[in-house]
Amino acid sequence: MRRLLIDTDTGGDDAVALIMALRDPQVRVEAVTTVMGNVEVAQATKNALLAIERAGTYAPPVYQGLENAILNEPLVNKNFTIHGRDGMGDLGLPPPALRPQREHAVDFLIRAIEAEPGELEMVTLGPVTNLAWISLRSPGTLAKLKR
């Protein structure tokens, strides 16, 4: 079974990808981390939690990550023409019942990858800001991913 960490800026397209991963019997989503991109990171986190609830399978923990780009201006969709203001097409979805973990996504990822070298695969669905920060804070950690 493939063991995935999914890093996402959770717009509608990422929500569909997350649901597909959660419903794939050959995949185990170990955790979801969020980052600013299509929407602000708090909204990306809310959307990830909503997608997990809608999948109707199991609930991997969700960790909120970086809210700003490291080098460039934020990439947040300012004109809201692609995914809507909420990243989910402005469908008016109710708030999720699930809650994110308190630990920061970058801290969690370093801890998880270091604890199980060669076991976890990273899937990036948005800006790789969290991963860039890992490479700055803990050089060598990302090389311990299986893929």
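Please refer to the structure higher up on the page.
Anyway, here's the lowdown on the structure attached to this text. Since the structure is predicted, the reported quantities are computational estimates derived from the model, not experimental observations.

**A look at a nonpolar patch on the surface**
No. 1: On the surface, Ile 70, Trp 133 and Leu 136 cluster together into a nonpolar patch covering about 270 Å² of accessible area.
No. 2: Note that Ile 70 resides in the loop between β3 (62-64) and α3 (105-115).

**A short note on the pairing of strand β2 (residues 27-34)**
No. 1: Within β2, six of the eight residues are buried, which leaves it mostly tucked inside the rest of the structure.
No. 2: Both strand β1 (residues 2-8) and β2 contribute to a ladder of seven bridges, which runs parallel. Residue Arg 2 lies in a different strand from β2, and its bridge partner there is Val 27.
No. 3: Handedness of the crossover joining β1 and β2 through helix α1 (residues 12-23) is recorded here as right-handed.
No. 4: Pairing analysis gives three bridges linking β2 to β3, with the strands arranged parallel. When the bridges of β3 are listed, Thr 33 appears paired with Tyr 63.

**Overview of the sheet that holds strand β4 (residues 121-124)**
No. 1: On the basis of which strands lie adjacent, the open sheet formed by four strands has the order β3-β2-β1-β4 and parallel pairing. Strands at the two margins of the open sheet, each flanked by one partner only, are β3 and β4. On average, adjacent strands in this sheet sit at an angle of 25° to one another, irrespective of strand direction.
No. 2: Helix α2 (residues 41-55) rests against β1, β2 and β3 of the sheet, and its axis sits at about 175° to β3.

**Focus: the packing of aromatic side chains**
No. 1: All told, the structure shown has one aromatic pair when counted by the stated rule.
No. 2: Arranged with centres 4.0 Å apart and planes meeting at 5°, the rings of Tyr 63 and Phe 108 form a pair that is stacked. Taken as a pair, Tyr 63 in strand β3 and Phe 108 in helix α3 lie far apart in primary sequence, 45 residues in all.
No. 3: Across from the ring centre of Tyr 58, 4.0 Å away, lies the NZ or CZ of Arg 28, which sits over that ring.

**A short note on the pattern of salt bridges**
No. 1: All chains considered together, the criterion is met by seven salt bridges.
No. 2: Arg 3 is the salt-bridge partner of Glu 116, the closest N and O atoms lying 2.7 Å from each other. Taken together, the positions of Glu 116 in the loop between α3 and β4 and Arg 3 in strand β1 put the pair 113 residues apart, joining distant regions of the chain.
No. 3: For Glu 116, a relative accessible area of 31% gives the class partly exposed.
No. 4: Residues joined by salt bridges that share partners form a network here, namely Arg 2, Glu 121 and Arg 147.

**Some remarks on helix α4 (residues 129-137)**
No. 1: Where α4 is concerned, the buried positions are Thr 129, Asn 130, Leu 131 and Ile 134.
No. 2: The inward-facing, buried residues of α4 abut β1, β2, α3 and β4.

**Regarding the nonpolar core**
No. 1: Ile 6, Leu 18, Leu 22, Val 29, Val 32, Ile 52 and Val 62 are the most contacted members of the largest nonpolar core, which totals 17 residues.
No. 2: Elements with a minimum of two residues in this core: β1, α1, β2 and α2.
No. 3: Broken down by element, the residue count for this core peaks at five residues, all from α2.
No. 4: Among residues more than four places away in sequence, those in contact with Val 62 are Val 32, Thr 34, Thr 45, Ala 48, Leu 49, Ile 52, Pro 100 and Gln 101.

About the cut-offs
- Sequence order as written defines the numbering, with residues in each chain counted from 1.
- Only residues with pLDDT of at least 70 get local features here, since the model is predicted, and only at 80 or more are side-chain atom pairs given and counted; chain-wide, interface and lining totals rely on the full set of residues.
- Side-chain descriptors were evaluated using all non-hydrogen atoms of the structure, hydrogens and water having been removed beforehand.
- A patch consists of residues exposed above 30% relative accessible area that lack any salt bridge, with like charges linked at up to 9 Å and nonpolar side chains (Val, Leu, Ile, Met, Phe, Trp, Tyr) linked at up to 5 Å.
- Residue burial considers only the protein chains on display, and all accessible areas are found by Shrake-Rupley using a 1.4 Å probe.
- By convention in these notes, a salt bridge is any Lys or Arg side-chain nitrogen within 4 Å of a carboxyl oxygen on Asp or Glu.
- Helix and strand labels come from DSSP, where a helix needs a run of H or I of at least four residues and a strand needs a run of E of at least two; each type is numbered from the N terminus.
- Remark: exposure states derive from per-residue accessible area (1.4 Å probe, protein chains only) relative to the maximum for the residue type, with buried under 20%, exposed over 50%, and partly exposed in between.
- What makes two strands pair is DSSP finding at least two bridges between them.
- A clockwise course of the path from the first strand over the helix to the second, judged with the strands pointing away from the viewer, identifies a crossover as right-handed.
- To obtain an axis, a line is fitted to C-alpha atoms, over the contacting stretch when the element is a helix, and the angle between two such axes runs from 0 to 180 degrees between their N-to-C directions.
- In what follows, residue pairs with any heavy atoms lying within 4.5 Å of each other are defined as contacts.
- Two rings belonging to Phe, Tyr or Trp (six-membered ring only in the last case) form a pair when the distance between their centres is within 6.5 Å. Interplanar angles under 30 degrees mark stacking, angles over 60 mark edge-to-face geometry, and anything in between is tilted.
- Over a ring means this: the NZ of a Lys or the CZ of an Arg is within 6 Å of the ring centre and within 35 degrees of the ring normal.
- Only buried residues count toward a nonpolar core. Its members are Ala, Val, Leu, Ile, Met, Phe, Trp, Tyr and Cys residues joined through side-chain atoms within 4.5 Å.

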